[in-house]
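So the chains spell out like this:
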Amino acid sequence: MRQLLSPAILLSLLLLPGSAGAVTSNVTFVTRAEAVMILLNNSTQRFSQITTSEQTFSDVPGTEWYAPYMKAGVALHLITPASGTRAVFPLRSITRAEFLQMLVRLHDLPLNQPYTFTDVVQNTWYAPYAGIAERYMLFVEDGTLLHPEYRLTHLEAVYALQRLFIAQPELRPSVVAILRRIARSSSLRSPSAVSSSSQSSPPLAASSASAGFTPVLSPGVTNRLEKSKLEVISRVNEERTREGLPPLKRNYLLEEAAQKHAKDMYQRDYFSHFTPEGLSYVDRIRAAGYLTAGSETCSCQPFFDLTSDDAPPEEHGPNYLVTQAQKICNCEPQFAVGENLIKGILTPEIAVRDWLDSTPHRLTMLQSKFEETGVGIYGDVWVQTFGSVKFR
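Quantities reported herein were computed from a predicted structural model and do not represent experimental measurements. (Residues numbered from 1 in each chain as written. Predicted model: local features only at pLDDT ≥ 70, side-chain atom pairs only at ≥ 80, totals over all residues. Heavy atoms only, no water.)

Draft legend 1. Looking closely at the overall build of the protein. From N to C terminus, the protein includes 12 helices and eight strands. The buried share among the 392 residues of the protein stands at 52%. Of the contacts made within the protein by residues no fewer than 6 positions apart, 69% connect residues no fewer than 24 positions apart. Summed over its atoms, the accessible surface of the protein is roughly 17,700 Å², and 53% of this surface lies on carbon and sulfur atoms. (Helix = DSSP H or I, 4+ residues; strand = E, 2+ residues; numbered from the N terminus. Buried < 20%, exposed > 50% of the residue type's maximum accessible area, 1.4 Å probe, protein only. Contact = heavy atoms within 4.5 Å. Areas by Shrake-Rupley, 256 points an atom, 1.4 Å probe, with all protein chains shown as cover.)

Listed below in structure tokens is the structure:
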């Protein structure tokens, strides 16, 4: 299970020579909040007054350990809140390019330095920072590729700062200052000490059952995720009502498919409607037993292939499929299934709004043939599945 590293652990990696190699067996990715914390706690920047700012962000509860870091990050222009919502996505993983931009801005390093990377196209937003990566050999494996869109690992962040400080030791704070900040970070509710009800708690792990899920974490985590799932459904139904469509009912088989896919994407580090093995949302919804639910009184085969010639699509979109009534038996089954995905989102409000702002996701959400839905949340990955099954 992915876990945020505490400020003390991250900073100790910088203090102990060669200690960074000890974490190579457990690759983890840096979130926005962690990136700001790492950079600020390992700089000469005085930000204690900045962190007392009254500014707030829609996705940063004031009680979270990272709240003061996000305030400082925005004040120092390391990150920019989303227009309108002022969301800063503290738990979204960042790329090498994003971390490089933060590093250059914090230390006021020169822009537009020469570089020879073959995968950094001129006029891209990160091109002005690429020269610094080459100058100090940050994130560079073979000297010709930067891979700016790669997600940044904790090990890479540590090495990047080590290389910068070796080349420019005046940028590094004293050991005493770092130790003081370790103590201060612990008082800011470090990730390792966050209560089970916080946003940065480990995600829900669940086992499927015919009646739904069996939570294995504390009631605080379960209640929070349950509320988020219900709010997603409520907000989607509000939009469907505005469009004159019937509301969706919650279905735990669809929720099982959604929850398993969210967990799988998070743990195996991919983001797609297709698994690495090529399984689609249709396969996942079928595996959850949704397509055969209620077919006990039907003489049809208990396995329905929605891609066969017997199930021609009546309508389909990028993320959904509606079949015609299948005249393979007297029941004439008809199916509609679909799926919406989003990553890096912390609130139901932002998730549903972003889906509505995307034409393919909006079409799926407002498909008139859907009658039921299920929501899965794991870490910063959100999945909503849709469906209806009819037997005549």
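There's plenty left to go through after this.
Draft legend 2. Representation of the side chain of Ser388 within the structure. Note that Ser388 resides in strand S8 (residues 381-390). Side-chain polar atoms of Ser388 contact the backbone oxygen of Lys369, separated by 2.9 Å. Setting aside residues up to four positions removed in sequence, Ser388 forms contacts with Tyr290, Gln334, Phe335, Ala336, Lys369, Phe370 and Glu371. (Polar contact = N/O pair within 3.5 Å; in protein donor to acceptor, adjacent residues only side chain to side chain.)

Draft legend 3. Local environment of helix H5 (residues 127-135). Along H5, the residues classified as buried are Ala127, Tyr129, Ala130, Gly131, Ile132 and Ala133. Looking one or two places after H5, you find Met137, whose phi comes out positive at around 55°.

Draft legend 4. Inspection of the packing of helix H2 (residues 32-41) against helix H4 (residues 96-107) at higher detail. For the pair H2 and H4, interaxial distance at closest approach is 11 Å and the crossing angle is 30°. Considering their axes alone, H2 and H4 lie roughly parallel with respect to each other. The chirality of how H2 crosses H4 is right-handed. Residues Ala35, Val36, Leu39 and Leu40 of H2 form the contact with H4, whose own contacting residues are Phe99, Met102, Leu103 and Leu106. (Axes fitted to C-alpha atoms, helices over the stretch in contact; angles between N-to-C directions. Parallel < 35°, antiparallel > 145°, perpendicular 65-115°, else oblique. Left-handed = near helix turned anticlockwise from the far one by under 90°.)

Draft legend 5. Local environment of the pairing of strand S6 (residues 334-343). Counting buried positions along S6 gives nine out of 10 residues, so the element sits mostly inside the fold. Bridge analysis of S6 against S8 gives 10 bridges, and the strand direction is antiparallel. Bridge pairing in S8 places Phe335 opposite Val389. (Pairing = 2+ DSSP bridges.)

Draft legend 6. Up close: the side chain of His261. One can find His261 in helix H9 (residues 252-268). Residue His261 is classed as buried on the basis of its relative accessible area, which comes to 1%. Excluding anything up to four places from it in sequence, His261 contacts Tyr270, Ser272, His273, Thr275, Arg284, Glu339, Leu341 and Val383.

Draft legend 7. Quick look at the environment of Gln334. Tracing the chain through its elements places Gln334 in strand S6. Residues Gln334 and Val389, 55 residues apart in the sequence, show an inter-C-alpha distance of 6.0 Å.

Draft legend 8. Spatial organisation of the nonpolar core. The biggest cluster of nonpolar side chains holds 50 residues, and the ones touching the most others in it are Leu40, Met70, Phe99, Leu100, Leu138 and Phe139. Listed by contribution, the elements that provide at least two residues to this core are H2, helix H3 (67-75), H4, H5 and helix H6 (154-167). The residues contacting Phe139, other than those within four sequence positions of it, are Arg96, Phe99, Leu100, Leu146, Leu152, Glu156, Ala160 and Arg163. Judged by nonpolar contacts, the second largest core, of 19 residues, contains Val322, Met365, Ile377 and Trp382. (Core = buried A, V, L, I, M, F, W, Y, C linked by side-chain atoms within 4.5 Å.)

Draft legend 9. Focus on the pattern of salt bridges. Counted by the stated rule, this structure contains 16 salt bridges. Several salt bridges converge on common partners, so that one network encompasses Glu226, Lys229, Arg250 and Glu255. (Salt bridge = Lys/Arg side-chain N within 4 Å of Asp/Glu carboxyl O.)

Draft legend 10. Spatial organisation of H3. For H3, a buried count of eight out of nine residues is recorded, marking the element as mostly surrounded by other parts of the structure. Looking at the residues trailing H3, positive phi occurs at His77, about 65°.

Draft legend 11. Expanded view of unusual backbone geometry. Even without being glycine, Asp108 reaches a positive phi, approximately 55°. Phi angles above zero are rare outside glycine, and Asp269 is one such case at about 60°. In this fold, Asp269 is placed in the loop between H9 and helix H10 (281-287). Classification of Asp269 as partly exposed rests on a relative accessible area of 38%.

Draft legend 12. Representation of the confidence of the model for the protein within the structure. The pLDDT averaged across the protein works out to 75; a share of 68% of its residues lies at or above 70. Confidence scores differ between elements of the protein, with strand S1 (residues 206-209) showing the lowest mean pLDDT of 26 and H4 the highest of 94. Under a pLDDT of 50 for its full length, residues 1-10 has, in the predicted model, 32 contacts with residues more than four places off or in other chains. For the stretch residues 186-221, pLDDT sits under 50, and the model shows 79 contacts to residues farther than four places along the chain or on other chains. (pLDDT = per-residue confidence, 0-100.)

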